[in-house]
Amino acid sequence: MLDFFMSLEAWQQALLATLFTWSMTGLGAAIVFLTKGVSENFLNITLGFAGGIMIAASFWSLLAPAIEASADNPIGEWFPALVGVLGGALFIYLFDKLIPHRHRGDDMAEGLPYKTSRRSTLLITSLTLHNIPEGLSIGILFGAAGLSDDPVMVLSALTLAIGIGLQNIPEGTAVSMPLRGDGASRRRAFFWGWMSAIVEPMAALVGVLLIGFMEPVLPYALAAGAGAMIFVVVEEVIPSTQKNGHSDVAVFAFMIGFVIMMVLDVALG
């Protein structure tokens, strides 16, 4: 199976990898069929775990390769990482200010005014926005692996997809359960929880295409994916776990997610 995956084109690998991450979101959303509700403590733990995975993946899967690929940069190997991280964060910041959405635990919506004020609709938008940098990062890394023709980089990209797939499970739950609480049917809540991550395969294909056309900026693109994910974790994921009086368990869940992703990346990548 692995040999077959390795034989595919970069865009095919990225598409399959993000179809996997998307299916993990569906797995998390499917919890709506098993229970009437989940505690805030449970959501804090699972989202803390997701945040730890994203921060670890940002460094080991994206920033470290970006720095390694910048050894010949005339300014310094740190420069593409600096520009990329800040550029990726700015990119998501602009989306955050333009697209109407609502973070978990917030009563006020962010972004431009929009005709709907339904909390559940704005929550779906928030998680969809959250998934864009994840899909882009996977696509960029698979695109980089295709350019280098290095099987180790393919494994690193695959490890990133596995990590993001794991952290997508609680994200699916974080959408479907509030939808159910707002009166949606189980099927409808599951559907929209799953669809909140449909942008990941699309963003991954965009990432592969961008790298194909802009090989010289590869280190900047890798670092931008890291910056975008770090921004999402600091601006949304971590704050959402600290609003309901269960901060300690969320912090430990974050640490567990971090070390699991670190071990996966170092062992497999």
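Small disclaimer: the values here were computed from a predicted structure and weren't measured.

Conventions used here
Per chain, residues are indexed from 1 in the order of the written sequence. Local features are withheld for residues below a pLDDT of 70 in this predicted model, meaning they are given only at 70 or higher, and side-chain atom pairs are given and counted only at 80 or more; totals for whole chains, interfaces and linings count all residues. The side-chain numbers reported here are obtained from all heavy atoms of the structure, hydrogens and water having been left aside. Note on conventions: DSSP H or I runs of at least 4 residues are helices, E runs of at least 2 residues are strands, and numbering of each starts at the N terminus. Residue burial is assigned from relative accessible area. The probe radius is 1.4 Å, only protein chains are included, and a residue is buried under 20% of its type maximum, exposed over 50%, and partly exposed in between. Here a residue-residue contact requires only that any non-hydrogen atoms of the pair lie within 4.5 Å. Accessible surface is estimated by sampling points in the Shrake-Rupley manner with a 1.4 Å probe; for residues, cover comes only from the protein chains shown. Nonpolar side chains (Val, Leu, Ile, Met, Phe, Trp, Tyr) within 5 Å and like charges within 9 Å form the patches, drawn only from residues with over 30% relative accessible area and no salt bridge. Whenever Lys or Arg places a side-chain nitrogen within 4 Å of a carboxyl oxygen from Asp or Glu, that contact is recorded as a salt bridge. Lines are fitted to the C-alpha atoms to define the axes, a helix being fitted only along its stretch in contact, and any angle between axes, read from their N-to-C directions, falls within 0 to 180 degrees. The labels follow the angle: roughly parallel below 35 degrees, roughly antiparallel above 145, roughly perpendicular from 65 to 115, and oblique for the rest. Throughout, a crossing is termed right-handed when the near helix is turned clockwise from the far one, and left-handed when it is turned anticlockwise from it by less than a right angle. We call Asp, Glu, Lys and Arg charged. Ala, Val, Leu, Ile, Met, Phe, Trp, Tyr, Cys and Pro are nonpolar, and the rest, Gly among them, are polar. For every residue, the predictor reports its confidence as pLDDT, a number between 0 and 100. Each pair of aromatic rings taken from Phe, Tyr and Trp, with Trp reduced to its six-membered ring, is defined by centres within 6.5 Å and is described as stacked if the planes are under 30 degrees apart, edge-to-face if over 60, and tilted in the remaining cases. Expected helix span is computed as 1.5 Å times (number of residues minus one). UniProt positions are given in the numbering used here, feature names are shortened, and annotations may be inferred rather than shown by experiment. Residues enter a nonpolar core if they are buried and are Ala, Val, Leu, Ile, Met, Phe, Trp, Tyr or Cys, with the set joined through side-chain atoms within 4.5 Å. The directions from the helix axis to the C-beta atoms are what the arc is built from.

Caption draft 1: Representation of the overall build of the chain in the model. Secondary structure assignment for the chain yields 10 helices and 0 strands. Counting from the amino terminus, the chain carries its helices and strands in the arrangement α-α-α-α-α-α-α-α-α-α. Classification of the 269 residues of the chain by burial places 48% in the buried group. For the chain, the share of sequence-separated contacts (at least 6 apart) that also reach a separation of at least 24 residues comes to 80%. Here the chain displays about 12,400 Å² of accessible surface, and carbon together with sulfur accounts for 70% of that area.

Caption draft 2: Quick look at a nonpolar patch on the surface. Taken together, Phe20, Ile162, Leu166, Ile256, Val259, Ile260 and Leu268 make up a surface patch of nonpolar side chains, about 500 Å² in accessible area. Broken down by secondary-structure element, the contributors of at least two residues to the nonpolar patch are helix 6 (151–181) and helix 10 (247–268). With respect to the secondary-structure elements, Phe20 resides in helix 2 (residues 10–29). Relative accessible area serves as the criterion here: at 34%, Phe20 is assigned to the partly exposed category.

Caption draft 3: Region of interest: the packing of helix 2 against helix 6. Between helix 2 and helix 6, the least distance of the axes is 6 Å, while the angle of their chain directions is 25 degrees. In this view, helix 2 runs roughly parallel relative to helix 6, as classed from their interaxial angle. Along this stretch, helix 2 crosses helix 6, giving a crossing that reads as right-handed. Between helix 2 and helix 6, the residues in contact are Gln13, Ala17, Phe20, Thr21, Trp22, Met24, Thr25, Leu27, Gly28 and Ala29 and Val154, Ala161, Ile162, Ile164, Gly165, Asn168, Ile169, Gly172, Thr173 and Ser176, respectively. A breakdown of the residues in the contact of helix 2 with helix 6 according to their chemical character gives 11 nonpolar, 9 polar and no charged.

Caption draft 4: Spotlight on the confidence of the model for the chain. Looking at the chain, the pLDDT average stands at 84 and 88% of residues meet or exceed 70. Per-element confidence in the chain is highest for helix 2, whose mean pLDDT is 95, and lowest for helix 5 (residues 119–148), whose mean pLDDT is 79.

Caption draft 5: Representation of the packing of aromatic side chains in the model. A complete count under the given rule lists 10 aromatic pairs for this structure. Look at Tyr93 and Phe231: their rings are 6.3 Å apart centre to centre, the planes differ by 85 degrees, and that puts the pair in the edge-to-face class. With a gap of 138 residues between them, Tyr93 in helix 4 (residues 79–98) and Phe231 in helix 9 (residues 218–240) connect regions that are remote in the sequence. Ring pairing ties together the aromatic residues Trp22, Phe33, Phe190 and Trp194, which thus form one cluster.

Caption draft 6: Geometry of helix 8 (residues 199–213). Taking 1.5 Å of rise per residue, the 15 residues of helix 8 would be expected to cover 21 Å, and the 21 Å separating its terminal C-alpha atoms lies within 8% of that figure. Taken together, the buried positions of helix 8 are occupied by Val199, Glu200, Pro201, Ala203, Ala204, Gly207, Val208 and Ile211.

Caption draft 7: The arrangement of the UniProt feature "transmembrane region" (unreviewed entry) in the chain in detail. The UniProt record marks residues 14–35, 42–63, 75–95, 189–211, 217–237 and 249–268 with the feature "transmembrane region" (unreviewed entry), using the residue numbering of this structure. Annotation note: span residues 42–63, helix share 100%, strand share 0%, distance between end C-alpha atoms 31 Å. The distance from the first to the last C-alpha atom of residues 249–268 is 28 Å, and the span holds 100% helix and 0% strand.

Caption draft 8: Local environment of the nonpolar core. The biggest cluster of nonpolar side chains holds 42 residues, and the ones touching the most others in it are Leu62, Ile138, Phe142, Leu160, Leu222 and Met229. Residue assignment for this core shows that the elements contributing at least two residues are helix 2, helix 3 (40–68), helix 4, helix 5, helix 6, helix 8, helix 9 and helix 10. It is helix 9 that provides the largest number of residues to this core, a total of 11 residues. When sequence neighbours within four positions are dropped, the list of residues in contact with Phe142 reads Phe5, Ala10, Gln13, Ala14, Ala17, Val154, Ala157 and Leu158. Core analysis: the next-biggest nonpolar cluster, separate from the first, contains 6 residues, Val32, Met177, Leu179 and Ala184 among them.

Caption draft 9: Seen up close, the side chain of Asn131. Its place among the elements puts Asn131 in helix 5. Of the residues examined, Asn131 reaches a relative accessible area of 1% and is grouped as buried. When near neighbours in sequence (up to four residues on either side) are disregarded, Asn131 contacts Asn168, Glu171, Ser196, Ala197, Val199 and Glu200.

Caption draft 10: Up close: helix 4. For helix 4, spanning 20 residues, the distance from its first C-alpha to its last is 29 Å, which sits close to the expected 28 Å at 1.5 Å a residue. Taken residue by residue, helix 4 has Pro80, Ala81, Gly84, Gly88, Ala89, Ile92 and Asp96 as its buried positions. For helix 4, the angular spread of buried residues about the axis comes to 150 degrees, placing them on one side. Residues of helix 4 that are exposed and point over 90 degrees away from its buried face: Leu86 and Leu98.

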